[in-house]
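Breakdown of the fold
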Amino acid sequence: MQNVVCVLQISHFATCTQIEGLQNFLQQLHPSHFPQSSFIGEFWETVFNCTLSPQSLSTSVRPCSGFEHLESVQNEFTDVSELRFTYNVYKAVYAVAHALHNLYTFGQSSEIQSEINSNTIPVCLFSAQVLHSLQTVNFTLKTGEKVFFDSNGDSPARYDLINLQNVKGSTLKVKCLSITLANVPKSMCSESCPPGTRKAVQKGKPVCCFDCVPCAEGEISNATDLLDCVKCQSEYWSNEKRDACILKETEFLSYGDLMGLLLALLSLTGACLTMAVVLIFYCYRSTPIVRANNTELSFLLLFSLTLCFLCSLTFIGRPSQWSCMLRHTAFGVTFVLCISCVLGKTIVVLMAFRATLPGSNVMKWFGPPQQRLSVLAFTLIQVLICVLWLTLSPPFPNKNMKYYKDKVILECDVGSAVGFWAVLGYIGLLSLMCFVLAFLARKLPDNFNEAKFITFSMLIFCAVWITFIPAYVSSPGKFTVAVEIFAILASSFGLLFCIFVPKCYTILLKPEKNTKKILMGKTTN
């Protein structure tokens, strides 16, 4: 009983189809048909162990009789059952022949046709036309097989079902079926995993059975049937389809942002209101209410408040090396200048009351020169802190990629945390001193006593900056900068409204109270 085995033999261009007439041609082959072919002569002498050269000096080899034939010979040369490579050549020759025929028949240039007829066309000039024509051939061989090429220049896949038969100790191959597919066959278990996913083999099932698992955030796969996803670089993130890495979105407080625009408008509004107060005070500089509250310190305080409003603009926009250094140092110095002026005005109120006591000459120790010197000294200390900060470890622009996975926060790193908190701490120390002195002087008898207004303004100032610290630490991204700007604007508006708005109200709307007698408390209702 024969052992029968069926196998599936896969090929693309090579098959084991027999070439019609080839076996008869080989069996009828004889050296006399091709006397100039040395290959056929050598082959003939090898197969029949004879010589075709009568002049041969060898006496051990007999001369060929001329009656030898290949019909009774069984060897690899006469076996045409496994001509896979030969069949390739057979189809290739026909494909080129059809390409040349099409080029000759449908050629666009009469010069090419004439050169083809005269056999003078250069190969290097003609190869491109032949290649293009070869890609468009579509013909059927005598065996029934169709020969054509797809857009990639590939031939369709061909599947041969071969029956292996064991006959008398030898294996005989019998082709049962031949199938040609123009499309790539699909898996019978799972479809291919598209880009953006990876293959996960199902446990206990064949390798063709798998699940397509989407890539995780920050990972991509840009080809089908990948086993692993690739992680994007630090400044890149995966798109929604997880098949490409794109640059992360950058976040910073900009003028194009609604929040940044509103804060910038508030800053400019505060600066304009401060300049309006400066104009009012300048126009009424000779009136008692302006002269009684230390005119020089008042104008210096208004100047520093204007700088405080404008320095908040340096916090808006893309951080750079210069903007990071400027925003913190400008904020620190201008606020110390502002608080120094308020502190000087508070001390003036206290010293003015003590000067009214009998035998007191304290005002000679705190006149205008001493006031200027104190403001300058307090401000220079802050300038020294800022210079040390910028020299040792200055602020610098930084890309924060830790808070958000898909965003890059552009921020100003403070560089030295000690320098940053030293600047804020010094401002807080002066504010606390000013608050305590103003609180002590709030009930001193005098109508021009502004200690009450300074106390209230310092109370607002300290409350704003105390709540600023936890909000600054916990706010993410651009909101950190927004919280700092809001603290600057809120404290600046508090000083402006509490100290100067009541005076402007009296100057503009209650001019009858802007007299020396009323301010000195020498009139009665």
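Residues numbered from 1 in each chain as written. Predicted model: local features only at pLDDT ≥ 70, side-chain atom pairs only at ≥ 80, totals over all residues. Heavy atoms only, no water.

Bringing the sheet that holds strand β15 (residues 396-400) into the picture now. Ordered by their spatial adjacency, three strands build an open sheet running β14-β16-β15, and the pairing between neighbours is mixed. Across the chains shown, the open sheet's two edge strands, defined by having one partner strand only, are β14 (249-251) and β15. Between one strand and the next, the sheet's axes are offset by a mean angle of 30°, whatever the strand orientation. Pairing of β14 with strand β16 (residues 407-413) involves three bridges; the strand directions are parallel. Of the residues in β16, the one forming a bridge with E249 is K407. (Pairing = 2+ DSSP bridges. Helix = DSSP H or I, 4+ residues; strand = E, 2+ residues; numbered from the N terminus. Axes fitted to C-alpha atoms, helices over the stretch in contact; angles between N-to-C directions.)

Among the secondary structure elements, A377 is positioned in helix α10 (residues 368-392). Taking the C-alpha atoms as reference, A377 lies 9.9 Å from L337; in sequence the two are 40 residues apart.

Let's shift gears to the pairing of β16. With five bridges joining them, β15 and β16 adopt antiparallel strand pairing. Looking at β16, one finds that F396 is bridged to D413. Counting the residues that bridge the hairpin from β15 to β16 gives six residues.

What follows deals with the packing of aromatic side chains. Applying the stated criterion to the full structure yields 15 aromatic pairs. Pairing F281 with F500 gives two aromatic rings, centres 5.6 Å apart and planes at 75°, and the pair type is edge-to-face. In this pair, F281 is assigned in helix α6 (residues 258-283) and F500 in the loop between α13 (478-499) and α14 (501-509), connecting sequence segments 219 residues apart. Judged by centre distance (6.3 Å) and plane angle (45°), the rings of F461 and W465 are tilted. (Phe/Tyr/Trp six-rings, centres within 6.5 Å; stacked < 30°, edge-to-face > 60°.)

As a volume, the largest pocket reaches approximately 400 Å³. Around the largest pocket, the lining comprises 21 residues; the ones closest to its centre are E411, C412, V414, Y472 and T480. Of all the secondary structure elements, the ones that give two or more residues to the lining of the largest pocket are α9 (321-355), β16, α11 (417-440), α12 (451-474) and α13. Of all the elements, β16 adds the most residues to the lining of the largest pocket, at four residues. (1 Å grid on protein atoms, 1.4 Å probe; cavity = no way out; pocket = protein on both sides within 12 Å on 5 of 7 lines; lining within 4 Å. Points joined across faces, edges and corners; volume = space filled by probe spheres on them.)

This paragraph deals with helix α2 (residues 38-48). Within the sequence span of α2, burial applies to I40, G41, F43, W44 and F48. Each buried residue of α2 lies within a common arc of 165° when the element is viewed along its axis, so the set occupies one face. Exposed side chains of α2 directed beyond 90 degrees from the buried face belong to S38, F39, E42 and T46. Elements in contact with the buried residues of α2: β2 (50-51) and β3 (62-63). Regarding α2, its N-cap is S37, as a side-chain oxygen of that residue lies 3.3 Å from the backbone nitrogen of I40 further along. (Buried < 20%, exposed > 50% of the residue type's maximum accessible area, 1.4 Å probe, protein only. Arc of directions from axis to C-beta. Contact = heavy atoms within 4.5 Å. Polar contact = N/O pair within 3.5 Å; in protein donor to acceptor, adjacent residues only side chain to side chain.)

Our next topic: the UniProt feature "transmembrane region" (unreviewed entry) in the protein. Under the present numbering, the feature "transmembrane region" (unreviewed entry) in UniProt falls on residues 258-284, 296-317, 329-353, 373-392, 418-441, 453-473 and 485-508. What you have in residues 373-392 is 100% helix and 0% strand, and the ends, taken at the C-alpha atoms, are 28 Å apart. The span residues 485-508 is 96% helical and 0% strand by assignment, and the distance between its end C-alpha atoms comes to 31 Å. (UniProt positions renumbered as here; feature names shortened; annotations may be inferred.)

A pair of packed helices can be characterised by two numbers: the angle between their axes and the separation between those axes. Between α6 and α13, the shortest axis-to-axis distance is 11 Å and the interhelical angle comes to 20°. As far as their axial angle goes, α13 and α6 are roughly parallel. α6 and α13 meet at a crossing whose hand is left-handed. Residues M259, L263, L266, S267, G270, L273, T274 and V277 of α6 form the contact with α13, whose own contacting residues are K478, F479, A482, I485, L489, F493, L496 and F497. For the contact of α6 with α13, the residue count by class is 12 nonpolar, three polar and one charged. (Parallel < 35°, antiparallel > 145°, perpendicular 65-115°, else oblique. Left-handed = near helix turned anticlockwise from the far one by under 90°. Nonpolar A, V, L, I, M, F, W, Y, C, P; charged D, E, K, R; others polar.)

On to the state of the cysteines. Tallying each qualifying case throughout the model produces five disulfides. Across a sulfur-sulfur distance of 2.0 Å, C215 and C229 are joined as a disulfide pair. Where C215 bonds to C229 through sulfur, the torsion about that S-S bond is close to -80°, and the disulfide is left-handed. Separated by 14 residues along the polypeptide, C215 in the loop between β9 (210-214) and β10 (219-220) and C229 in the loop between β10 and β11 (230-231) bring together distant segments of the chain. Accessibility assignment for this pair places C215 and C229 in one class, buried. Across a sulfur-sulfur distance of 1.9 Å, C232 and C245 are joined as a disulfide pair. Here the disulfide of C232 and C245 is left-handed, its torsion about the S-S bond being about -85°. Separated by 13 residues along the polypeptide, C232 in the loop between β11 and β12 (236-238) and C245 in strand β13 (residues 245-247) bring together distant segments of the chain. You can see C338 has no disulfide; the closest cysteine sulfur is in C308, sitting 4.8 Å from it. A relative accessible area of 0% places C338 in the buried class. (Disulfide = S-S within 2.5 Å.)

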